[in-house]
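# Fold and geometry: a report
Each chain is listed here by its residues.
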Amino acid sequence: MDKILVKSISRFARNAKDCLETIRELKAIGVGVFFEEQNIDTSTMSGELLTAMFSAIAQKESESISGNMRWSYQARKKSGVPVLPVIG
């Protein structure tokens, strides 16, 4: 079985649904995914379950960071502090 090596689940897909759909599509063509940070191999029986759990956690973390950034921009705007784009 071929393998794709990925740093972490949060780098693989935008949300839990996309992550699982992509893993299933890859598995159907004989390709597994190994997530280094979580030490999960989707070619094992427990891999898909663990991937589902960790991808849901990563999705919630991403949503939380996004919400914090939105709040920060709004707070800066209210206080008159310019919101400058991040370059780099």
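Right above here is the structure, for reference.
Residues numbered from 1 in each chain as written. Predicted model: local features only at pLDDT ≥ 70, side-chain atom pairs only at ≥ 80, totals over all residues. Heavy atoms only, no water.

### Digging into the overall build of the protein
- For the protein, the helix and strand inventory stands at three helices and three strands.
- N-terminal to C-terminal, the α/β element order of the protein is β-α-α-β-β-α.
- Taken over the C-alpha atoms alone, the protein extends approximately 55 × 25 × 20 Å along its principal axes.
- Buried residues in the protein amount to 24% of all 88 residues.
- For the protein, the proportion of contacts with a sequence separation of at least 24, taken over those separated by at least 6, is 58%.
- With the model as given, the accessible surface of the protein reaches about 6600 Å², and the carbon-plus-sulfur share is 57%.
- In the protein, the 12 positive side-chain charges and the 10 negative ones have mean positions that sit 12 Å from each other. (Helix = DSSP H or I, 4+ residues; strand = E, 2+ residues; numbered from the N terminus. Buried < 20%, exposed > 50% of the residue type's maximum accessible area, 1.4 Å probe, protein only. Contact = heavy atoms within 4.5 Å. Areas by Shrake-Rupley, 256 points an atom, 1.4 Å probe, with all protein chains shown as cover. Lys, Arg positive; Asp, Glu negative; His and termini not counted. Charge placed at Lys NZ, Arg CZ, Asp CG, Glu CD.)

### Describing the environment of Arg11
- With respect to the element layout, Arg11 can be found in helix α1 (residues 9-12).
- Since its relative accessible area comes to 62%, Arg11 is described here as exposed.

### A short note on a nonpolar patch on the surface
- Together, Leu49, Leu50, Met53, Phe54 and Ile57 give the surface a local cluster of nonpolar side chains, amounting to about 450 Å² of exposed area.
- Considering the arrangement of structural elements, one finds Ile57 in helix α3 (residues 47-79). (Patch = residues over 30% accessible without salt bridge, like charges linked within 9 Å, V, L, I, M, F, W, Y side chains within 5 Å. Salt bridge = Lys/Arg side-chain N within 4 Å of Asp/Glu carboxyl O.)

### Details of the packing of helix α2 (residues 16-28) against α3
- Relative orientation of the contacting elements α2 and α3 amounts to 150°, with a least axis distance of 8 Å. As judged from the angle between their axes, α2 and α3 are roughly antiparallel. Crossing geometry of α2 relative to α3 is assigned as right-handed. Here Ala16, Cys19, Leu20, Ile23, Arg24 and Lys27 of α2 come into contact with α3, specifically with Glu48, Thr51, Ala52, Ser55, Ala56 and Gln59.
- Tallied by class, residues from the contact of α2 with α3 come to six nonpolar, three polar and three charged. (Axes fitted to C-alpha atoms, helices over the stretch in contact; angles between N-to-C directions. Parallel < 35°, antiparallel > 145°, perpendicular 65-115°, else oblique. Left-handed = near helix turned anticlockwise from the far one by under 90°. Nonpolar A, V, L, I, M, F, W, Y, C, P; charged D, E, K, R; others polar.)

### Regarding α2
- Over its 13 residues, α2 runs 18 Å from end to end, which matches the ideal 18 Å to within 8%, given 1.5 Å per residue.
- Those residues of α2 not exposed but buried are Ala16, Cys19, Leu20, Ile23 and Leu26. In an axial view of α2, the angular spread of the buried residues amounts to 130°, which keeps them on one side of the axis. Opposite its buried face, α2 presents the exposed residues Lys17, Glu25 and Ala28, each directed more than 90 degrees away.
- Contacts from the buried residues of α2 go to β1 (2-6), α1, β2 (31-35) and α3.
- Looking at where α2 begins, the residue whose side-chain oxygen comes 3.2 Å from the main-chain nitrogen of Lys17 is Asn15.
- Remark: Gly30 follows α2 within two positions and exhibits a positive phi of approximately 85°. (Expected span 1.5 Å × (residues − 1). Arc of directions from axis to C-beta. Polar contact = N/O pair within 3.5 Å; in protein donor to acceptor, adjacent residues only side chain to side chain.)

Shape descriptors only; they carry no functional weight alone.
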